[in-house]
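# Geometric and topological summary
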Amino acid sequence: MKNLWDWLLIMLSKNILENKVAVVTGASRGIGLAIAQALCCSGAKVASVSRSECKAENGYICDVSNFDQVKYVCNQIISDFGKIDILVNNAGITKDNLLLSMKEEEFDSVVDINLKGAFNFTKHLARQLIKSGNGRIINMTSVIGVNGNVGQSNYAASKAGLIGFTKSMARELASRNVTCNAIAPGFIKSRMTDTMPETIKEHFLANIPLKRIGTVDEVAMLAVFLASDFASYITGEVIKVDGGMFI
C-alpha cells in the first residue's frame, strides 16, 4: 500500500489511472464523452461504446439494451485490451411525457437502455472486474432518480432502479474488492439544456444555490476520482453533482 505522499505524487503527475482499462457506454457525446476523455487524460486506456458511429480511436457500436449484442461487444473489448478494470454505465435516453399520455414504448425503451443496459454490461464484465483485483463500477444516475420529476416517470424509474442496482452490486462484489458507486448529475450544460427556453433555465437556476449550470467536466472529474485508488474505501454511494439543487 502506497503512503499518502506517494499518492499525492501520482495525482500531481496526472497518471492516477495508469495501466487501467476502462469501458464507457454512451461515450459519443455529453457526459459520457467527457468521462472517456478524462479517464484517458488520467492514464487509462478507454473503450468507448455508443449506439451509433463512434469517432473515438477505440470505439465500439452497441445497443446496450440488447443482451446478446452486449455480450459480443464485451468479449471483443476483452480480446482487444486483455483486461477490464473500470466500467462506467453512462448510456441513457429520455422520452418525456405525462403518465396519462405516455406510450408503453416510451416507458420500455427508457428503462431498457438506462437500467437494463447497465445490467447487461455489468453482467458480462463482472468476472473481468473481479479478476482485476481492484475493479470499479460507476453508474450514471440522476437527481431525477432521487427526487422524481413531472413528465419523467419513465426516466425517474430507470434512474431510481439504477441506484438500487448500484447498492446491490456494491454489496455483492465488495468481498472481491470491486467497488460500485453512482453519480447523480443535476442541471448540466448540454445540447439539450442549450435549446431550453430562457424562462425554463431561469426556473432551474433559481433553485440552485450555486446559481449556475454545471459542466460535463465537473461530472467527469468525479468519475476519475471514483475510478482511482483514492476512492478504494467508497462503495454503494450516490454522489450528487447538482450545485446544491437538492440539498
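First, a word on what this report is: a plain description of the structure on this page. (Residues numbered from 1 in each chain as written. Predicted model: local features only at pLDDT ≥ 70, side-chain atom pairs only at ≥ 80, totals over all residues. Heavy atoms only, no water.)

## Overview of the overall build of the protein
Each helix and strand counted, the protein has nine helices and seven strands in total. Scaling as 2.2 N^0.38, a compact globule of 247 residues should have a C-alpha radius of gyration of about 18 Å, and the protein matches this with 18 Å. A principal-axis box enclosing the C-alpha atoms of the protein has dimensions of 50 × 40 × 35 Å. The 247 residues of the protein split such that 47% are buried. Entry remark: accessible area of the protein is about 12900 Å², with carbon and sulfur atoms responsible for 55%. Taken as two groups, the 26 positive and 23 negative side-chain charges of the protein have centres that lie 4 Å from each other. (Helix = DSSP H or I, 4+ residues; strand = E, 2+ residues; numbered from the N terminus. Rg over C-alpha atoms; globule rule 2.2 N^0.38 Å. Buried < 20%, exposed > 50% of the residue type's maximum accessible area, 1.4 Å probe, protein only. Areas by Shrake-Rupley, 256 points an atom, 1.4 Å probe, with all protein chains shown as cover. Lys, Arg positive; Asp, Glu negative; His and termini not counted. Charge placed at Lys NZ, Arg CZ, Asp CG, Glu CD.)

## What about the sheet that holds strand β3 (residues 59–61)?
The seven strands lie next to each other as β3-β2-β1-β4-β5-β6-β7, forming an open sheet whose pairing is parallel. One side of each edge strand has no neighbouring strand; the edge strands of this open sheet are β3 and β7 (238–241). Each strand axis lies, on average, 20 degrees off the axis of its neighbour in the sheet, ignoring direction. As defined by bridge partners, strand β4 (residues 86–89) adjoins strand β5 (residues 136–140) across four bridges and the pair is classed as parallel. From the neighbouring strand, leucine 87 faces β5, where its bridge partner is isoleucine 137. In the packing of helix α3 (residues 67–81) onto the sheet, the strands contacted are β1 (21–25), β2 (45–50) and β3, and the crossing angle to β3 comes to about 160 degrees. (Pairing = 2+ DSSP bridges. Axes fitted to C-alpha atoms, helices over the stretch in contact; angles between N-to-C directions. Contact = heavy atoms within 4.5 Å.)

## Some words on the side chain of serine 142
Locating serine 142 in the fold gives a position in the loop between β5 and α5 (143–147). Within the structure, serine 142 has its side chain in polar contact with the backbone nitrogen of isoleucine 144 (distance 3.0 Å). In this view, serine 142 contacts Tyr155, Lys159, Ile183, Ala184 and Pro185; residues no more than four positions away in its chain are not counted. (Polar contact = N/O pair within 3.5 Å; in protein donor to acceptor, adjacent residues only side chain to side chain.)

## With respect to helix α2 (residues 30–41)
Helix length check: α2 (12 residues) gives 17 Å between terminal C-alpha atoms against 16 Å at 1.5 Å per residue, within 8%. Considered for burial, the residues of α2 that qualify are Ile31, Gly32, Ala34, Ile35, Ala36, Ala38 and Leu39. Contacts from the buried residues of α2 go to β1, β2, β4, β5, β6 (179–185) and α9 (216–227). (Expected span 1.5 Å × (residues − 1).)

## Brief notes about the packing of aromatic side chains
As enumerated under the stated definition, the model contains two aromatic pairs in all. Their ring planes at 25 degrees and their centres at 6.3 Å tell us that phenylalanine 67 and phenylalanine 119 sit as a pair that is stacked. With phenylalanine 67 in helix α3 and phenylalanine 119 in helix α4 (residues 104–132), this pair connects stretches of sequence that are 52 residues apart. Owing to a relative accessible area of 29%, phenylalanine 67 belongs among the partly exposed residues under this scheme. The interplanar angle of 20 degrees and the centroid separation of 4.5 Å between the aromatic rings of phenylalanine 187 and phenylalanine 204 together place this pair among those described as stacked. Separated by 17 residues along the polypeptide, phenylalanine 187 in the loop between β6 and α7 (191–194) and phenylalanine 204 in helix α8 (residues 198–206) bring together distant segments of the chain. When its relative accessible area of 7% is taken as the criterion, phenylalanine 187 is described as buried. (Phe/Tyr/Trp six-rings, centres within 6.5 Å; stacked < 30°, edge-to-face > 60°.)

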